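# Commentary on secondary and tertiary structure
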Amino acid sequence: MVNHSIPASTARDGVLDSSGRVPAPDLARGFMLLAIAFAHAPLFVLTLDRGNPVANGVINVFHNLFVNNHARPLFAFLFGYSLVQLLNRRMERGDDWVTTRRLLRRRGWWLVGIGFVHMAVLAPIDILAAYGLSAVLLVGLLRAKDATLLWTAGIGLVPATALAGFATWYPMAHDNSPYGAGSIAAGADGAWALLAERLQVWPFALVTGVLMVVPGVLVGVWAARRRLLDEPDRHRRYLRNAAIVTLSLSVIGALPAGLVQLGVWAEPPAGALWFAALAQPLTGYAGGIGMAAVIGLIAIPAGRRPNRFTTAIQALGRRSMSLYLFQSVVFVLVFYPYGLALQDDLGLAGATGVAAATWAVSVALAELMRRAGYRGPAEILLRRLAYR
């Protein structure tokens, strides 16, 4: 084992913003919440083909190329990146490896607990618990060799792609709607019946969630060792080439499934349908990481010449857990029967519009918190629990 810890406080060739932080990781987390909102909001509606068919078709193409199976790898990449940042900060302050490892695992377990409460009280789709458990299981690899990281990530792509591929294949093979259907819309039996269903599904969802995020988390660890987002100016050429290659690959890989879902490729053979279903999530991993590279490039001018928009996005990224939970509150209030009950009325385009509006409000809330010097309620809670 070798120690790959690199001091996180030095800027090197990176550019610090006015608060003394490099902007790229926070910018990436802020934009990540938009991708998550786009991915999650359509799951709350009953029928995605409600509304204007042209608008739904355009939005469906956008989702297939840039959202479906892209948001999760982006989140996983940034989560792995943040683990290394936290490790470096603790080691700089004089903590040894054993103490830091315990802290990271304790923090992971608390994320599992917060994710469970989030699932039980708000939305049945939760990502916090899966990332918390992945931190508990993978923390030992933070000091592993690069080859070990990348081989483990590659092996992890097999079950991750299989699980996501099945989720992509099933609606294409069985649903009459070209878009499939929302998967977590509330039934007519009420909140308690919905909670009982969530509790039955949650253990399975937790295990599959961990399997699906492991590759992205480990690639994020690998990237953080090289400070790709901390020092984007130094790695400009690498980030540009990575963005071009990965995003091109993800668009090409998503086209077959997109053509099937739009009905352009009607009744493909069974083998071709499976190929389309597996290619979309497999290349989506590349696309999610490519989005992080694009944001790293955006961060270069943003760090040198900050403006109100990028400052607000950074503020959102620093409070990403609080505002992620805020998304769930909004979606429950907008879509569920004990809120505005719009799950019967909005289709894919309408749900995507709700997602964009929710993200815009969260940007404004994050900026208000920044001006008030307030970290964010979920971040404060996790810090108090993990650091005791």
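Rules behind the numbers
Residues numbered from 1 in each chain as written. Predicted model: local features only at pLDDT ≥ 70, side-chain atom pairs only at ≥ 80, totals over all residues. Heavy atoms only, no water. Helix = DSSP H or I, 4+ residues; strand = E, 2+ residues; numbered from the N terminus. Rg over C-alpha atoms; globule rule 2.2 N^0.38 Å. Buried < 20%, exposed > 50% of the residue type's maximum accessible area, 1.4 Å probe, protein only. pLDDT = per-residue confidence, 0-100. Contact = heavy atoms within 4.5 Å. Salt bridge = Lys/Arg side-chain N within 4 Å of Asp/Glu carboxyl O. Patch = residues over 30% accessible without salt bridge, like charges linked within 9 Å, V, L, I, M, F, W, Y side chains within 5 Å. Areas by Shrake-Rupley, 256 points an atom, 1.4 Å probe, with all protein chains shown as cover. Lys, Arg positive; Asp, Glu negative; His and termini not counted. Charge placed at Lys NZ, Arg CZ, Asp CG, Glu CD. Axes fitted to C-alpha atoms, helices over the stretch in contact; angles between N-to-C directions. Parallel < 35°, antiparallel > 145°, perpendicular 65-115°, else oblique. Nonpolar A, V, L, I, M, F, W, Y, C, P; charged D, E, K, R; others polar. Core = buried A, V, L, I, M, F, W, Y, C linked by side-chain atoms within 4.5 Å. Phe/Tyr/Trp six-rings, centres within 6.5 Å; stacked < 30°, edge-to-face > 60°. Lys NZ or Arg CZ within 6 Å of the ring centre and 35° of its normal. Expected span 1.5 Å × (residues − 1). 1 Å grid on protein atoms, 1.4 Å probe; cavity = no way out; pocket = protein on both sides within 12 Å on 5 of 7 lines; lining within 4 Å. Points joined across faces, edges and corners; volume = space filled by probe spheres on them. Arc of directions from axis to C-beta.

### Some words on the overall build of the chain
A count of helices and strands for the chain gives 13 helices and 0 strands. For the chain, the succession of helices and strands along the chain, N to C, is α-α-α-α-α-α-α-α-α-α-α-α-α. Radius of gyration (C-alpha) of the chain: 20 Å, near the 21 Å computed for a compact globule of 388 residues. Principal axes of the C-alpha set define a box for the chain whose edges measure 60 × 40 × 40 Å. Residues counted as buried form 52% of the 388 residues belonging to the chain.

### Quick notes on the confidence of the model for the chain
Mean pLDDT over the chain stands at 86; residues scoring 70 or higher make up 90%. Confidence scores differ between elements of the chain, with helix α2 (residues 53–66) showing the lowest mean pLDDT of 86 and helix α12 (residues 348–372) the highest of 95. Here residues 1–18 is modelled with pLDDT under 50, and outside its nearest four sequence neighbours on either side it reaches 48 contacts, counting other chains as well.

### Regarding the side chain of His235
Within the fold, His235 resides in the loop between α7 (191–225) and α8 (236–261). Looking at His235, the relative accessible area reads 16%, which means it is buried. Beyond its immediate stretch of four places on either side in the chain, His235 contacts Arg226, Arg227 and Leu228.

### Remarks on the pattern of salt bridges
A side chain of one charge can pair with a side chain of the opposite charge if their charged atoms are brought near each other. Counted according to the given criterion, the structure contains 11 salt bridges. Taking the shortest distance from any N to any O, the salt bridge between Asp146 and Arg226 comes out at 2.3 Å. Highlighted residues: Asp146 in helix α6 (residues 146–174) and Arg226 in the loop between α7 and α8, separated in sequence by 80 residues. A relative accessible area of 29% means that Arg226 is categorised as partly exposed. For the salt bridge of Arg234 with Glu231, the shortest nitrogen-to-oxygen distance reads 2.8 Å. Accessibility expressed as a relative area gives 45% for Arg234, which makes it partly exposed.

### Overview of a positive patch on the surface
A grouping of Arg89, Arg93, Arg375 and Arg383 is seen on the molecular surface, where their side chains present a positively charged patch. When you line up the elements, Arg375 lands in the loop between α12 and α13 (377–387). By relative accessible area, which is 44% here, Arg375 ends up partly exposed.

### Re the packing of helix α10 (residues 308–318) against α12
One way to put it is that α10 packs onto α12 with a least axis distance of 8 Å and a crossing angle of 90°. Relative to α12, the element α10 is oriented roughly perpendicular. The residues of α12 that touch α10, namely those facing Phe309, Thr311, Ala312, Ile313, Ala315 and Leu316, are Trp359, Ser362, Val363, Ala366, Glu367 and Arg370. Considering only residue class, the contact of α10 with α12 consists of 8 nonpolar, 2 polar and 2 charged.

### Side note on the nonpolar core
In terms of nonpolar packing, the biggest core is built from 95 residues, with Leu142, Phe331 and Phe335 touching the most fellow members. Ignoring any residue separated from it by four or fewer positions in sequence, one finds Leu142 in contact with Leu83, Val84, Leu87, Trp97, Leu104, Val221 and Arg225. Of all hydrophobic cores here, the second largest spans 7 residues; its members include Ala257, Val260, Leu273 and Ala276.

### What to know about the packing of aromatic side chains
Inspection of every chain in the model, using the stated rule, returns 16 aromatic pairs. When the ring of Phe44 is compared with that of Phe331, the centres are 5.5 Å apart and the planes differ by 55°; the resulting orientation is tilted. Placement of Phe44 in the loop between α1 (23–40) and α2 and of Phe331 in helix α11 (residues 320–335) is noted, with a sequence separation of 287 residues between them. Each member of the pair, Phe44 together with Phe331, is buried. Members of the aromatic cluster, each reached through a chain of ring pairs, are Phe44, Phe331, Phe335 and Tyr336. The ring of Tyr387 is capped by Arg383, whose NZ or CZ atom sits 4.7 Å from the centre of that ring.

### Considerations on unusual backbone geometry
Phi at Arg227 takes a positive value of approximately 55°, unusual for a residue other than glycine. Counting through the fold element by element, Arg227 comes out in the loop between α7 and α8. Phi at Ala341 takes a positive value of approximately 60°, unusual for a residue other than glycine. Mapping Ala341 onto the fold places it in the loop between α11 and α12.

### Details of helix α3 (residues 71–92)
The terminal C-alpha atoms of α3 lie 32 Å apart, and with 22 residues this matches the ideal 32 Å at 1.5 Å per residue to within 8%. Buried residues dominate α3, accounting for 18 of its 22 residues. At the C-terminal side of α3, Gly94 shows a positive phi close to 105°.

### Thoughts on empty space enclosed by the protein
Evaluated as defined, the whole model comprises 3 cavities of 30 Å³ or more. Approximately 30 Å³ is the volume found for the second largest cavity. Around the second largest cavity, the lining residues are His40, Phe44, Ala123, Ile125, Tyr324, Gln327, Ser328 and Phe331.

### Points about α13
Residues Ala378, Glu379, Leu382 and Ala386 constitute the buried set of α13. Each buried residue of α13 lies within a common arc of 95° when the element is viewed along its axis, so the set occupies one face. The positive-phi residue at the C-terminal boundary of α13 is Arg388, with phi of around 55°.

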